[in-house]
Amino acid sequence: MHLIEMYLCSPSLFDTLFQPIIDFLAVVLFFKIGGENGFPFIVLWLFVAAIFFTIRRGFINLLGCYILSNEVAGDFRDYWSRLTSGKMTMIES
């Protein structure tokens, strides 16, 4: 029984099982766009996803940076009051 547990938990078993999957993902995700001196496909994928979600979510990441810079400067206005329908206390938030 101990020998079977050692074989099932050995790193070589996991390496042999997952190595083809890892090799395929490495070829697809790190494919160079623009030749040998180009950039990997994953960089383009992440850039397009960041632009898409920035537009899809209404520029919340840029608005959040603006609110953060104002709060760090000491301006504590309620930016979200126009977006919410009711009042909320500090404890509720």
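Because the structure is a prediction, the values reported are computed rather than measured.

Q: I'm lost on the overall build of the protein in this one. Help?
A: When helices and strands are counted, the protein shows 4 helices and 2 strands. Helices and strands appear in the protein in the N-to-C order α-α-β-β-α-α. Every one of the 93 residues in the protein was classed for burial, and the buried ones make up 6%.

Q: What exactly am I supposed to notice about unusual backbone geometry here?
A: Excluding glycine, most residues fall at negative phi; most peptide bonds, likewise, are trans. Within the chain, Phe59 stands out as a residue other than glycine whose phi angle is a positive 60 degrees. For Phe59, the location among the structural elements is in the loop between helix H3 (41–56) and helix H4 (60–73).

Q: Any chance you could explain a nonpolar patch on the surface here in plain terms?
A: Among the surface-exposed residues, Phe14, Leu17, Phe18, Ile21, Ile22, Phe24, Leu25, Val27 and Val28 lie close enough to one another that they form a single nonpolar patch of about 880 Å² accessible area. Tracing the chain through its elements places Phe18 in helix H2 (residues 11–29). Exposure remark for Phe18: the relative accessible area of 44% places this residue in the partly exposed category.

Q: Would you take a moment to explain the packing of aromatic side chains for this structure?
A: According to the stated counting rule, one finds 2 aromatic pairs in the structure shown. Ring plane angle 75 degrees and centroid distance 5.0 Å describe the contact between Phe52 and Phe53, whose orientation is recorded as edge-to-face. Residue Phe52 is classed as partly exposed on the basis of its relative accessible area of 47%.

Q: What should I look at first to understand the environment of Phe30 in this one?
A: Secondary-structure assignment places Phe30 in the loop between H2 and strand E1 (32–33). For the pair Phe30 and Val43, spaced 13 residues apart in sequence, the C-alpha to C-alpha distance is 8.6 Å. Beyond its immediate sequence surroundings of up to four residues, Phe30 is in contact with Leu25, Pro40 and Ile42.

Here is what the cut-offs are and how they apply
Here the residue numbering is sequential within each chain, running from 1 through the sequence in written order. Local features in this predicted model are restricted to residues of pLDDT 70 or higher, and side-chain atom pairs are both shown and tallied only at a pLDDT of 80 or more, whereas totals for entire chains, interfaces and linings draw on every residue. Working from all heavy atoms in the structure, the side-chain values ignore hydrogens and water. A run of H or I in DSSP counts as a helix once it spans at least four residues, and a run of E counts as a strand once it spans at least two, with each numbered from the N terminus. Exposure classes here rest on a 1.4 Å probe applied to the protein chains alone. A residue is buried below 20% of its type maximum, exposed above 50%, and partly exposed in between. What makes a patch is a set of residues exposed beyond 30% relative accessible area and free of salt bridges, joined within 9 Å when like-charged and within 5 Å when nonpolar (Val, Leu, Ile, Met, Phe, Trp, Tyr). Values of accessible area rely on a 1.4 Å probe in the Shrake-Rupley scheme; residue burial ignores everything except the protein chains shown. A side-chain nitrogen of Lys or Arg and a carboxyl oxygen of Asp or Glu constitute a salt bridge if their distance falls within 4 Å. We call Phe, Tyr and Trp rings a pair once their centres come within 6.5 Å, taking the six-membered ring for Trp, and we label the pair stacked below 30 degrees between planes, edge-to-face above 60, and tilted otherwise. Between two residues, a contact is recorded if the distance between any of their heavy atoms is within 4.5 Å.

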